[in-house]
Amino acid sequence: FRHSRRRHFQSCWARAGALEVACATSGRAGEIEDCRSRRGRKRTSSRLGIRKKALADKEAQEKAKALRLKEIAEEIDAAGKSIVVCKDKISCNKVFALAQIYVQQNADQKIQVATDTIIETYNPTEDGKVAITVTKMPRAGTVEVVKITPSCKNEKGYAEELCRAKRTNIYRGFKPFIELSLSR
């Protein structure tokens, strides 16, 4: 196989050399140079086109990655700001009762478990559907922390962006809902 390729290239170069000699003797050497430069430009322009497309694709991927990282950071920030700290047992019981109402209004699934320390919906059955868990954890003294955790089916698949947006909205709405309801 190597020998046949080598012979093919040698034959092509020999024909090209014979053409140059023939053209040089007939006075058409300039035409050969013109032909060569056009062929070279065509190759160069197609290579540039491929490079530009690859560069544009890479830039688009980097922008998408930056946007995804920004959305993840926003979700983490919203999760941290959604935590409700209550100082005494009476206010914590009110907060937890309001949390149950919030879960009923915002989860795509029905509540499966509701005790003194946890509210949990059924797991999502369809892609992009949201389930919510709320936990009440005791801290030092009479302080308790109420934390919400939404989850979504197909978080890593094609519904990833939809799930992230839904979770972020649930995080963002939880604490304002509790505070507004308590102030009435």
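A quick note: this is a predicted structure, and the numbers were derived from the prediction, not measured.

Undergrad: For this particular structure, what's the right way to read the sheet that holds strand E1 (residues 84-86)?
TA: Across a sheet, strands are paired by hydrogen bonds formed along the backbone, either parallel or antiparallel in direction. Here 5 strands make up an open sheet; going across it, the order is E1-E5-E4-E3-E2 and the pairing antiparallel. Looking at strand neighbours, the two that pair on one side only are E1 and strand E2 (111-114), the edges of this open sheet. The sheet shows a mean angle of 15° between the axes of neighbouring strands, direction not considered. Taken strand by strand, helix H3 (residues 89-106) contacts E1, E2, strand E3 (118-121), strand E4 (130-138) and strand E5 (144-152), and its axis lies near 175° from that of E4. Running over the sheet, helix H4 (residues 160-183) touches E1, E4 and E5 and is turned about 155° from E5.

Undergrad: Honestly, the pattern of salt bridges in this entry has me stumped. Any pointers?
TA: It is possible for side chains of opposite charge to pair when their charged atoms get near one another. Evaluated as defined, the whole model comprises 9 salt bridges. Arginine 167 is the salt-bridge partner of glutamate 75, the closest N and O atoms lying 2.5 Å from each other. Of this pair, glutamate 75 sits in helix H2 (residues 29-81) while arginine 167 sits in helix H4, and the two are 92 residues apart along the sequence. Summarising the burial analysis for this pair, glutamate 75 and arginine 167 share the class buried. Its salt-bridge partner being arginine 164, residue glutamate 160 comes within 2.8 Å of it at the nearest N-O pair. You can see glutamate 160 and its partner arginine 164 sitting in helix H4, 4 residues apart, about one turn around the helix. When salt bridges that share partners are traced, they join Glu71, Glu160 and Arg164 into one network.

Undergrad: Explain the pairing of E2 here, please?
TA: Sheet analysis places E2 next to E3, joined by 3 bridges and oriented antiparallel. By the bridge assignment for E3, alanine 114 is matched with isoleucine 119. The loop that links E2 with its antiparallel partner E3 comprises 3 residues.

Undergrad: Please explain the state of the cysteines as it appears in this structure.
TA: All told, the structure shown has 2 disulfides when counted by the stated rule. There is a disulfide in this structure between cysteine 86 and cysteine 92, and the S-S distance comes to 2.1 Å. With the S-S dihedral at roughly 115°, the linkage between cysteine 86 and cysteine 92 falls on the right-handed side. The buried category is assigned to cysteine 86, whose relative accessible area is 4%. The partner cysteine of cysteine 152 in its disulfide is cysteine 163, sulfur to sulfur 2.1 Å. Across the S-S bond of cysteine 152 and cysteine 163 the torsion is about -60°, and the bridge reads as left-handed. Residue cysteine 152 is located in strand E5, and its partner cysteine 163 is located in helix H4; the two are separated by 11 residues in the primary sequence. Assigned by exposure class, cysteine 152 and cysteine 163 land together as buried. Ordering the disulfide-forming cysteines of the protein by sequence position, one finds them joined as 1-2, 3-4.

About the cut-offs
Residues numbered from 1 in each chain as written. Predicted model: local features only at pLDDT ≥ 70, side-chain atom pairs only at ≥ 80, totals over all residues. Heavy atoms only, no water. Pairing = 2+ DSSP bridges. Helix = DSSP H or I, 4+ residues; strand = E, 2+ residues; numbered from the N terminus. Axes fitted to C-alpha atoms, helices over the stretch in contact; angles between N-to-C directions. Contact = heavy atoms within 4.5 Å. Salt bridge = Lys/Arg side-chain N within 4 Å of Asp/Glu carboxyl O. Buried < 20%, exposed > 50% of the residue type's maximum accessible area, 1.4 Å probe, protein only. Disulfide = S-S within 2.5 Å.

None of the figures reported here should be taken as evidence of function without further support.
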